Amino acid sequence: MSLTNLAPAYISAIAPYQGGKPISEIARQFGFTEDAIVKLASNENPLGMSPKAQIAVQEAILDLARYPDGNGYALRQAICEKFNVLPQQIVFGNGSNDILELTARAFLQKGDEVIFSQHAFAVYGLVTQAVGATGVVVPAKAFAHDLDGFLAAITPKTKLIFIANPNNPTGTLIEKNLLKAFLQQVPSHILVVLDEAYDEYLSEQHKSEAVSWLSTFQHLIISRTFSKAYGLAGLRIGFGLMHADVADILNRVRQPFNVNSLAQAAAIASLADHHFVEKSYAANQAGMLQLTQGLEQLGLDYIQSYANFISFKINHAVSVNQQLLERGIIVRPIANYELPDYLRVSIGLFSENQRFLQAMALIVKDND
Ligand SMILES: *Cc1c(COP(=O)(O)O)cnc(C)c1O
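Residues numbered from 1 in each chain as written. Predicted model: local features only at pLDDT ≥ 70, side-chain atom pairs only at ≥ 80, totals over all residues. Heavy atoms only, no water.

Draft legend 1. Just the site of the ligand, in detail. The immediate surroundings of the ligand are formed by Gly-95, Ser-96, Asn-97, Phe-121, Asn-168, Asp-195, Ala-197, Tyr-198, Thr-225, Ser-227, Lys-228 and Arg-236. Residue Asn-97 places a main-chain N or O atom 3.0 Å away from an oxygen atom belonging to the ligand. Take Tyr-198: an N or O atom from its side chain is 2.6 Å from an oxygen atom of the ligand. Surface burial for the ligand is 94%, taken as the share of its 390 Å² of free accessible area covered by protein chains. Partitioned by chemical class, the residues of the shell around the ligand number 3 nonpolar, 6 polar and 3 charged. (Near = heavy atom within 4 Å. Polar contact = N/O pair within 3.5 Å; in protein donor to acceptor, adjacent residues only side chain to side chain. Areas by Shrake-Rupley, 256 points an atom, 1.4 Å probe, with all protein chains shown as cover. Nonpolar A, V, L, I, M, F, W, Y, C, P; charged D, E, K, R; others polar.)

Draft legend 2. Spotlight on the pairing of strand S7 (residues 220-225). Most of S7 sits out of view: 6 of its 6 residues are buried. Burial along S7 is two-sided: Leu-220, Ile-222 and Arg-224 and Ile-221, Ser-223 and Thr-225, pointing in opposite directions, are all buried. One ladder, built from 4 bridges, connects strand S6 (residues 191-195) with S7; its direction is parallel. Among the inter-strand pairings, Leu-194 is bridged to a residue of S7, identified as Ile-222. In terms of strand pairing, S7 meets strand S8 (residues 238-242) through 5 bridges, oriented antiparallel. The residue bridging Ile-222 from the neighbouring strand is Leu-241, located in S8. (Buried < 20%, exposed > 50% of the residue type's maximum accessible area, 1.4 Å probe, protein only. Helix = DSSP H or I, 4+ residues; strand = E, 2+ residues; numbered from the N terminus. Pairing = 2+ DSSP bridges.)

Draft legend 3. Quick look at the packing of aromatic side chains. Scanning all chains against the criterion turns up 12 aromatic pairs. For the pair Phe-83 and Phe-239, a centre-to-centre distance of 5.6 Å together with 65° between the ring planes defines the contact as edge-to-face. Here Phe-83 is found in helix H4 (residues 73-83), whereas its partner Phe-239 is found in strand S8, with 156 residues between them in sequence. For Phe-83, a relative accessible area of 12% puts it in the buried group. In this structure Phe-239 comes out as buried when scored by relative accessible area, which is 3%. Between Tyr-198 and Phe-309 the ring centres are 5.2 Å apart and the planes differ by 70°, which places this aromatic pair in the edge-to-face class. (Phe/Tyr/Trp six-rings, centres within 6.5 Å; stacked < 30°, edge-to-face > 60°.)

Draft legend 4. Quick peek at the layout of surface pockets. Of the voids in this model, the largest pocket is the one considered here, and its volume is about 620 Å³. Contributions of two or more residues to the lining of the largest pocket are made by H4, helix H10 (261-272) and helix H11 (274-297). Ranked by residue count, the leading element in the lining of the largest pocket is H11, at 4 residues. Considered class by class, the residues forming the lining of the largest pocket number 10 nonpolar, 9 polar and 9 charged. (1 Å grid on protein atoms, 1.4 Å probe; cavity = no way out; pocket = protein on both sides within 12 Å on 5 of 7 lines; lining within 4 Å. Points joined across faces, edges and corners; volume = space filled by probe spheres on them.)

Draft legend 5. Structural view of the pattern of salt bridges. Tallying each qualifying case throughout the model produces 7 salt bridges. Note that Glu-209 is salt-bridged to Lys-176, the shortest N-O span being 3.1 Å. Within this pair, whereas Glu-209 is found in the loop between S6 and S7, its partner Lys-176 is found in helix H8 (residues 176-185), the two being separated by 33 residues in sequence. Glu-209 sits in the partly exposed class, given a relative accessible area of 42%. Between Arg-224 and Glu-196 there is a salt bridge, with its nearest N and O atoms 3.0 Å apart. Note that Arg-224 is positioned in strand S7 and Glu-196 in the loop between S6 and S7, a separation of 28 residues in sequence. One exposure class covers both Arg-224 and Glu-196, and it is buried. (Salt bridge = Lys/Arg side-chain N within 4 Å of Asp/Glu carboxyl O.)

Draft legend 6. The arrangement of unusual backbone geometry in detail. Along the chain, Asn-165 connects to Pro-166 via a cis peptide bond; the corresponding omega equals -10°. Among the structural elements, Pro-166 can be located in the loop between strand S5 (158-164) and H8. The peptide bond linking Asn-168 to Pro-169 adopts the cis configuration, its omega dihedral lying at 15°. Counting through the fold element by element, Pro-169 comes out in the loop between S5 and H8.

These figures capture arrangement, not role.
If you want it as structure tokens, here you go:
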């Protein structure tokens, strides 16, 4: 008997999450030094983290023998002030993926249906499968969430809906009024997780107002992360904002010390460093222009993105990805998102974007 048969069938059927390849792995595999590699594969902040957060981490290191504050008191205060919510409306996660998983673990059981979009973030399907619930995939419309399709997919078994806004890997954005109208039509016994991992990269005009909707929509869970614009992906910290009763349930399945003390210290300092987030936003705007203009010059189509990455169309995507790796450039193939003719490139520093575009120019010419 195979050991994998010990797991329930819905567990052994899970296809593991494929992340961006680590720099160290590509360095080993192709014989590069690590600093010769450009990684534009995981939507990380190319500016790194806030210098204020670095100082906070250095101070917090001195206290690592102690358990972290399991309630995250100081960070909770900081988030209350910034988002104008009550302390009991916040749940902390070991990355925002933890919030997605806690929601699935706390509310779903076998037989429940969970709705999400084609081309949506892979973790929605994974956390659904991990608890034996059934994922219902709504076909995308012009690469974006089809909210009417979501409403049509609701059945008596529907328990949870995942929405990424902007979405990864397509970068598409749902307009605020449409989203609000959608929430009004979703029955209140169905939870809606609104994943706003890239909100800091939106212009003022597009930024989410969903926090102000929490008092109206008690079935809404907003998920936020420090992994993207705040540049703390390696520390693993995110949080959810929701009705206090929903938070109470999530906290029952949350591990007591799921967010470590370095992450808490860095997050507090990061929230206070407005300058760093503004700088990251501006750098992303400039890089977006550089990359979209570069792709256009190469005659390549891309999906218009509101985030810090772009998915572009390319013939022989598997081979082009390999040719980029051979030149020390890591991007993300997204065939597992049903986009086999696309590659996703994160927006990097000016010089990194340039190296990517120069490599693409050579590859496109060679493959002609
Ligand atoms: C990157 C990303 C996240 C962030 O995950 P963390 O666990 O917070 O690092 C969440 N949702 C989407 C759609 C993402 O692309």
